[in-house]
Amino acid sequence: MKFYFTLLFALSVSLIFAQDPSKQRELKAVRTAETPKIDGVLDDACWVNVPIVTDFFELRPVPGRVEKQDRRTEMKVLYDDVAIYVYARMYDAADSVSHELVSRDNIGNADFISIIVDPFYDKMNGNGFFVTAAGVQFDAKYSQVGDEDPNWNAVWESAVKLDDKGWTSEMKIPYSALRFSSKDIQNWGLNFSRRTQRSNTQTFWNFVDPKVNGFINQEGLWTGIANIKAPLRLSFSPYLSAYVNHYPANLPGVKNTTARFNGGMDVKYGINNSFTLDMTLVPDFGQVQSDNRILNLTPFEVKFNENRQFFTEGTELFNKGDLFYSKRIGSIPSYYNYSEIGAGDKIIKDQTEAKVLNATKISGRTAKGLGVGIFNAITNSMQTEVEEANGNLREVETQPLTNYNILVFDQSLKNNSSATFINTNVLRQGSAYDANVSALLFNLNNKSNKYFVNGGGKMSYLRGEETSTGYSYILRFGKQSGNFTWSYNQVYADNKFDPSDMGFFTNNNFLDQRIGFGYNIFKPSKWYNEWQSWFNLSYSRRVNPGDYQNLEIETGSYVRFKNLWSAEVNANYNAKGNDFYEARNGQVYKAPESYQVGLFINPNRAKAYNFGGNIRFREQQLFKGKSYHYYLFQNYRLNDKVAFGLDLYFNPSYNYVNWATMQGAQSIFSKYDRRTVENSFDAKYTFTNLMGVAVVLRHYWSDRRNKDFYLLKSDGNLTDYQGTTPTGTDRNYNVFNIDLIYTWQFAPGSTLTLSYKDAAETYQTYYMERYNRNLSGILSAPQNNTLSVKVLYFVDYLDLKKKHKKI
């Protein structure tokens, strides 16, 4: 008997490793004359005798291992003149399938199955369609530049069923959701992926090797797709929205409560098989989540995440070269003109966001690999309401009507390589200056995708009363695949290079160099599944006049354990440097030596209750300034519909030294203590896979309590300040937000959104060092309350045409 068990075990092991992960898999396309019903029940006659795709390879925890037979995946694919149809059977223990309900485009604590297609088979661009065991859809675009873009949305069908064998799924992906060539016979890139949440196992039909750089380039092949034609891709999404806003301004001539109605439309039109036009007319972004504002003590602006879907969806071409910061359009313009506001004028209402009147994107890629992107947006002028000394109210234009443009040509080359030209252009009405930035970029990989060299040159041109032309370049090369990787970066910008009118920009006039090394272990051991380590050395110089800026050393290690917890330890050291920006007046500041260490812990998120966080410590050698960072997050799933989250952050700093204020032309620094506390609570109730409500509450408090003041000397060092103690330099900043959003997808692509927002912001108001005093103060401060409703309805021209024919 022992012999038979040994033989059986040996046979099972040989079957598991019999497949060759390095060999590209192929699947022959099968056309169907019968359309399956998308209900998750795999009993349609059209699925009979269709080849089964199975024996997926693990990406994690053991790269290259074939999935277990009792947990195997079986998939089938059909196509016709209208769509692609996907059959999926995921074997599993019936009571082990994770299926948390979350909103669309989220996964949550759920198993999923997906199909990823590359219709042009350029190994650089693709589309992914995912459905979880709870029936929640998630779709994404993939590109060489942006990796996964979850903001891309398509209209498609799916259904799932749970049974005693595990779970099943069916999908219908219409050709209107894809772009492909007009060839009579086509081969597409293809892959399937499955995730089992409880064990953090992810498998692929065609093996995705973690040691190889890239994802779409590691796809299988779907061959012999015959005689399909791209349909007319034309859809309209008109919307109506209504707002009621209340803010207790309590000023003569200013209403505390206002109401407004908006209307507009999104249009999507397939210009041809390869190119799509996306247009939004008079868009409304009032339902997006609020920015997480902070007290910023640095000389540079804060970069916020973009939450407006039009500016995040399908922008991979426009993001090349890091010249596009979409928050510039409407939300955070780079240009403000306050010259017409007099010293005796009082600002009553300062408009800080310009209304987006319309925005248009044209993008696509030809069969020969030429990607073309055209972007245009127009924002209305911004007005600031001021009260004159005599009590009269007037409006001042602080930003004119502005036009934003981007043009991109991106040519795909062999070996997942590319060459790109991109141009951004900002035109302002009237006498305000205009801005233009151009870049030539390249990305070259060798045949095995092991080594790379990329970079490019950039030029900025500002035209107004004075003109300015600046230049920049970047060069990178190294080894990007394998257990051991390395890279060298060099970035240069002269003292006139300025892409800030349409991009995010901090400073210029530098030559930065960095060399980095990494060693990654993807083969699990007895106690870990994955281990990554890295070391980076960075050196920066000012260009004109030439001078040393800083030297930084960074190292760290990350490990994922067998119990699915993970930990990271990192440390970095900054040598004494020359800071040419902190003083705000062009003087150099001899920045002190500093170092930081940190420990990060992440839990097994499949558990109903999980917690993690990090602890960091930083010391600034001047005056032995110390900073502690404590962060703890907790998540609790009551059931598959209800979940809560709590994030707690505490950052006390002692004896830190930075710029405080200006006294005439003199730059004054201070030694100060600071406390920052940020608490965020979120909760969600998901009724179905098409309906849910979510709430986020955030309170942020940060202060600065100055202790001693110093004068910055001409040599960059500090000396005791002998003048009158500066006033108004302490800081105490509070911000409080509530975002409550209800969403119902009442028809494919159509949504009803109800939103309630509460926002309050105060400066220099409450007693310092007392968190409870600041919290109660911000809650009793004037609140800006907004209640809105928005209905967006998706209309597909082909559906209208069919209905018209029936009539």
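Residues numbered from 1 in each chain as written. Predicted model: local features only at pLDDT ≥ 70, side-chain atom pairs only at ≥ 80, totals over all residues. Heavy atoms only, no water.

Asks: Just give me the short version of the sheet that holds strand β9 (residues 157–163), but keep the residues and values in it.
Replies: With respect to topology, 4 strands assemble into an open sheet ordered β3-β4-β10-β9, the strand pairing being antiparallel. Whereas interior strands pair on both sides, the edge strands pair on one side only; in this sheet they are β3 (73–79) and β9. Within the sheet, the average angular offset between the axes of one strand and its neighbour, ignoring direction, is 10°. Bridge count for β3 against strand β4 (residues 83–91) is 7 bridges, and the pairing is antiparallel. Following the sheet pairing, V77 is matched in β4 by V86. (Pairing = 2+ DSSP bridges. Helix = DSSP H or I, 4+ residues; strand = E, 2+ residues; numbered from the N terminus. Axes fitted to C-alpha atoms, helices over the stretch in contact; angles between N-to-C directions.)

Asks: Pulling in residues and values, what's your account of unusual backbone geometry?
Replies: Among all residues save glycine, negative phi is the norm, and among peptide bonds the norm is trans. For the peptide bond that leads from R60 to P61, omega is 10°, which places it in the cis range. Mapping P61 onto the fold places it in the loop between β2 (57–60) and β3. With an omega of -5°, the peptide bond running from N544 to P545 counts as cis. Of note, P545 is situated in the loop between β29 (528–542) and β30 (547–561). Despite not being glycine, N415 has its phi angle at roughly 65°, a positive value. Mapped onto the elements, N415 comes out in the loop between β22 (402–413) and β23 (417–428).

Asks: I'd like a rundown of the environment of R541, residues and numbers included.
Replies: Secondary-structure assignment places R541 in strand β29. Here the alpha-carbon distance between R541 and F510, two residues 31 residues apart in the chain, equals 5.6 Å. With residues near it in sequence (within four places) discarded, R541 still touches N509, F510, L511, D512, G546, D547, Y548 and Q549. (Contact = heavy atoms within 4.5 Å.)

Asks: Give a description of a nonpolar patch on the surface that names residues and reports values.
Replies: Side chains of Y609, F611, L632, Y636, L638, F644, L648 and F681 sit close together on the surface and give an oily, nonpolar patch of about 690 Å² of accessible area. Counting residues per element, the ones that place at least two in the nonpolar patch are β35 (609–620), β36 (625–637) and β37 (642–663). Take F644: it is sitting in strand β37. (Patch = residues over 30% accessible without salt bridge, like charges linked within 9 Å, V, L, I, M, F, W, Y side chains within 5 Å. Areas by Shrake-Rupley, 256 points an atom, 1.4 Å probe, with all protein chains shown as cover. Salt bridge = Lys/Arg side-chain N within 4 Å of Asp/Glu carboxyl O.)

Worth remembering: the numbers are spatial, not functional.
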